[in-house]
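Chain by chain, the residues run as shown.
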Amino acid sequence: MYALVDANSFYASCETVFDPDLRHKPVIVLTNNDGCICATNRMAKALNIPKFSPYFKIKQQCERHNVVVKSSNYELYADLSHKMMNVIGRYADEQYIYSIDESFLHFKNFANIIDDFHAYGTVIRRAVYKETRLAVCVGIASTPTLAKAANHIAKKVKQYRGVAVIDDENSRINVLSQMKVGDVWGIGRKTSAKLIIENIHTALDLSNYPVGLAKRHFSQDIERTVRELNGEQCIHWDAVKSPKKQIYSTRSFGQRVFDKDSLHQSLSEHVSIVAKKLRHQASLVKYMSLFASSSPFDDNPVYKKSFHTFIAPTNDTSVMLAAVANIIDSVFVKNVGFYRAGIGCLDLIDEEYQQQDLFTPSIDNSALMTCLDNINHRYGRNTVKFAAQGIEHQWAMRREFLSPHYTTRWADIPKIDC
Amino acid sequence: MIFSLVRIEAGISGFESPAAEYKELKLNIDELLVEHPNATFLGISNGDSMNDVGIFNGDVLVVDRSMHPRHMDVVVATFNGNFSCKLFDEINQCLLSASDDYPPINIDKSDSFIIEGVVTSSIRCHRPSRFINVCAS
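Residues numbered from 1 in each chain as written. Chains lettered and ligands numbered in written order. Predicted model: local features only at pLDDT ≥ 70, side-chain atom pairs only at ≥ 80, totals over all residues. Heavy atoms only, no water.

## Overview of the overall build of chain B
Looking only at helices and strands, chain B features 1 helix and 7 strands. In sequence order, the secondary structure elements of chain B are arranged as α-β-β-β-β-β-β-β. Out of the 137 residues belonging to chain B, those deemed buried represent 36%. Pairs at least 24 apart in sequence give 55% of the contacts found in chain B among residues at least 6 apart. (Helix = DSSP H or I, 4+ residues; strand = E, 2+ residues; numbered from the N terminus. Buried < 20%, exposed > 50% of the residue type's maximum accessible area, 1.4 Å probe, protein only. Contact = heavy atoms within 4.5 Å.)

Laid out in structure tokens, this is it:
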């Protein structure tokens with residue numbers, strides 16, 4: 001059996017953990033630069049505050065209803081996620097952390113000692129709330145896709161009280177018939193539109209779709225989903241996470257950037273971030289993209305993109321910075337207020353099995369990079385950095401409504417009245 | 001006669017410590033103070049109502065959410081939207097201050113989450129810490 005344990009509006013819930021005053025108030029959390037809404041808690045949802053809409057559009061509505069607005073406090077979320085995952089992991093012999101707020105559990109030997117999965121789900125839910133003050137929902141079923149469906153219903157339908165179990169044909173039909181096909185794990189927007197044309201509306205309709213046709217009409221992935229919805233396990237995960245095939249670092253600026261130096265600095269900052277990620281997973285980049293754009297809401301939106309191919313694949317920050325310096329002119333445009341910029345590493349190869357080139361040997365200084373990473377790991381990010389990254393960033397991320405780093409900074413630990 | 005200079009290097013290896021076999025892991029202060037790391041948080045005390053149990057303004061409180069509060073435990077409660085440090089009187093179902101200047105607070109049974117956690121220890125820095133600034137309140 002599998003369980004999917006998923007926090008309810010995780011970012012917004014994190015904000016209430018050390019500020020009990022917010023536990024009964026509508027709370028929303030904004031994305032980087034306070035641009036869009038990325039999380040709304042239950043009370044904010046009840047006020048019909050739309051997720052993913054730009055903040056400036058609903059600012060008045062928020063003020064009218066005294067909605068508490070917060071900037072993304074990633075330092076806090078990362079720490080609370082880690083603690084939450086540790087608590088959840090205690091309840092099964094295998095855990096797979098799927099995202100910052102979702103974790104699969106696989107009950108292998110545990111399955112023999114659990115006689116009531118519904119009660120067990122409730123135990124998990126209570127323990128997570130008691131120890132971390134984060135509310136989670138639990139879905140339990142025989143395959144990961146069904147567990148995800150059960151979790152969806154546990155979240156959506158109040159009567160389930162946060163725990164849904166699919167353990168027989170009745171419960172399977174009951175859950176899947178209440179679920180839209182577009183909400184099934186692995187069904188994207190395009191596929192869902194296509195399925196609706198074929199008169200497939202609910203998850204149950206999809207589970208009754210002929211397996212052979214699913215593969216022919218759609219893809220092998222959809223076929224797998226159909227099988228999983230029928231209780232046949234097809235999704236497996238490796239014990240070790242496979243390295244990423246692409247790495248991006250992109251962010252919008254706190255304020256518009258008009259000069260080339262600032263744009264160059266921000267791209268250099270992104271290079272340092274992706275290069276560190278490359279080294280961390282022991283990959284080298286062959287093909288790097290670089291982009292900069294103004295806002296899509298501007299009258300004349302500008303979107304510029306450029307590429308660089310490394311003949312000798314690299315993960316050395318200085319080699320990548322030199323490439324950026326060479327091609328920055330192709331993305332910079334005078335008199336444009338840049339709003340966003342980023343670096344993408346598209347073609348990655350394994351450091352260990354790289355094909356060397358006889359005529360262009362690698363010039364990576366891996367000893368220096370290891371030293372750099374070790375120092376920054378020990379003393380904090382950017383303790384040692386390249387001058388190209390700049391010293392003071394006027395374009396840095398805007399986080400106007402940031403809550404304290406309650407668990408990661410001494411000066412920020414919560415006050416307790418005595 | 002030709003002399004050639006040859007540098008001779010000899011590796012110095014020294015003697016193995018006679019205590020090497022007895023080496024154990026160092027003591028870790030977390031081990032002593034934090035029994036349930038995932039359920040524990042730190043807070044800083046603000047006020048003097050708990051002086052009589054030895055908690056003073058600016059002390060660091062170690063709060064364990066997983067523990068079940070017992071009679072006369074020092075606990076942290078959520079009260080008026082704030083965290084408050086109190087003594088838990090299980091028999092009379094109320095929260096007490098360790099000072100006569102503050103009246104007891106009755107626990108409403110319907111609100112079961114009023115107790116946030118048990119204060120398992122408190123830490124005093126007898127020399128000011130460079131990490132924590134305490135403003136006299």
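Once the structure has been displayed, the description carries forward.
## Some points on the pattern of salt bridges
Summed over all chains, the structure comprises 19 salt bridges over all chains. Note that A:Arg399 is salt-bridged to A:Glu75, the shortest N-O span being 3.2 Å. Of the two residues, A:Arg399 is situated in the loop between helix 14 (366–379) and strand 13 (415–417) and A:Glu75 in helix 4 (residues 74–89); the sequence distance between them amounts to 324 residues. Using a relative accessible area of 31% as the deciding quantity, one classes A:Glu75 as partly exposed. Between B:Glu116 and B:Arg65 there is a salt bridge whose closest N-O contact spans 3.0 Å. Taken together, the residues B:Glu116 in strand 7 (residues 115–123) and B:Arg65 in the loop between strand 2 (60–64) and strand 3 (73–79) connect sequence positions 51 residues apart. Look at B:Glu116 and you get buried, because its relative accessible area is 1%. Assessed through its relative accessible area of 4%, B:Arg65 is described here as buried. A single salt-bridge network, built from bridges that share partners, covers A:Arg23, A:Arg133, B:Arg65 and B:Glu116. (Salt bridge = Lys/Arg side-chain N within 4 Å of Asp/Glu carboxyl O.)

## Let's talk about the sheet that holds strand 6 (residues 102–106) of chain A
Residues and elements named next belong to chain A. Strand order in the open sheet formed by 5 strands is 5-6-1-7-8, with mixed pairing between adjacent strands. Since the sheet does not close on itself, it has two edges, and those belong to strand 5 (94–99) and strand 8 (163–165), each with one partner. Here the strands of the sheet are splayed against their neighbours by 15° on average, with no regard to which way each runs. Pairing of strand 7 (residues 136–141) with strand 8, which is carried by 3 bridges, proceeds in the parallel orientation. Bridging across to strand 8, Gly139 finds its partner in Ala164. (Pairing = 2+ DSSP bridges. Axes fitted to C-alpha atoms, helices over the stretch in contact; angles between N-to-C directions.)

## Examining the nonpolar core
A general feature of soluble globular proteins is that nonpolar side chains tend to end up buried together. Formed by 55 residues in total, the largest nonpolar core has its most connected members in A:Met84, A:Leu105, A:Phe107 and B:Cys85. Looking at this core, the element that brings in the most residues is helix 4 of chain A, giving 7 residues. Those residues in contact with A:Met84 that lie beyond four places of it in its chain are A:Ala7, A:Phe10, A:Ile100, A:Asp101, A:Val128, A:Thr132, A:Leu134 and A:Val136. Grouped together as the second largest cluster of nonpolar side chains are 32 residues, A:Cys137, A:Ala154, A:Leu195 and A:Ile222 included. (Core = buried A, V, L, I, M, F, W, Y, C linked by side-chain atoms within 4.5 Å.)

## Details of the side chain of A:Asp101
Residues and elements named next belong to chain A. Within the element layout of this structure, Asp101 appears in the loop between strand 5 and strand 6. Although Asp101 lies buried, it forms no salt bridge, and the closest oppositely charged side chain, Lys155, sits 5.8 Å away as judged by the N-O distance. Other than its neighbours up to four places away in sequence, Asp101 contacts Val5, Asp6, Ala7, Phe10, Met84 and Met85. (Lys, Arg positive; Asp, Glu negative; His and termini not counted.)

## Let's talk about the domain arrangement of chain A
By a frequent convention, interface size equals the accessible area lost on bringing the separate parts together. Residues and elements named next belong to chain A. Under the domain assignment used here, chain A contains domain 1 (1–168), domain 2 (180–241) and domain 3 (247–389). Taken over C-alpha atoms, the centre of domain 1 sits 24 Å from the centre of domain 2. If you look at the interface, domain 1 gives 11 residues, while domain 2 gives 12 residues. Surface buried jointly by domain 1 and domain 2 totals about 1,200 Å² across both partners, of which 68% is contributed by carbon and sulfur atoms. There are 0 salt bridges connecting domain 1 and domain 2. Contributions of two or more residues to the side of domain 1 that touches domain 2 are made by strand 5 and helix 6 (144–156). At 5 residues, helix 6 tops the list of elements feeding residues into the side of domain 1 that touches domain 2. By residue class, the composition of the side of domain 1 that touches domain 2 is 6 nonpolar, 4 polar and 1 charged. (Domains from an automatic or database assignment. Buried area = accessible area lost by both parts, 1.4 Å probe. Nonpolar A, V, L, I, M, F, W, Y, C, P; charged D, E, K, R; others polar.)

## Focus: the packing of aromatic side chains
Tallying each qualifying case throughout the model produces 20 aromatic pairs over all chains. With centroids separated by 5.7 Å and ring planes inclined at 35°, the aromatic side chains of B:Phe41 and B:Phe83 adopt a geometry described as tilted. Of the two residues, B:Phe41 sits in strand 1 (residues 40–46) while B:Phe83 sits in strand 4 (residues 82–89), which places them 42 residues apart along the sequence. Of the residues examined, B:Phe41 reaches a relative accessible area of 3% and is grouped as buried. Taken together, the aromatic side chains of A:Phe10, A:Tyr11, A:Tyr74 and A:Tyr77 make up a single cluster linked through ring pairs. (Phe/Tyr/Trp six-rings, centres within 6.5 Å; stacked < 30°, edge-to-face > 60°.)

## Comments concerning the interface of chain A and chain B
The interface is formed by 22 residues belonging to chain A together with 33 residues belonging to chain B. Of the roughly 2,500 Å² buried between chain A and chain B, counting both surfaces, carbon and sulfur atoms make up 60%. Looking at the side of chain A facing chain B, the largest losses of area belong to A:Trp410, A:Ile416 and A:Cys418, adding up to 32% of the total buried there. Applying the counting rule to chain A against chain B returns 2 salt bridges. The set of elements that each furnish at least two residues to the side of chain A that touches chain B consists of helix 4, helix 5 (117–132) and strand 13 of chain A. No other element matches the 4 residues that helix 5 of chain A contributes to the side of chain A that touches chain B. Its residues assigned to classes, the side of chain A that touches chain B comprises 11 nonpolar, 2 polar and 9 charged. Sheet topology places strand 13 of chain A next to strand 1 of chain B; 3 bridges connect them, and they run parallel. Each bridged residue has a counterpart across the sheet, and for A:Ile416 the counterpart in strand 1 of chain B is B:Ser45.

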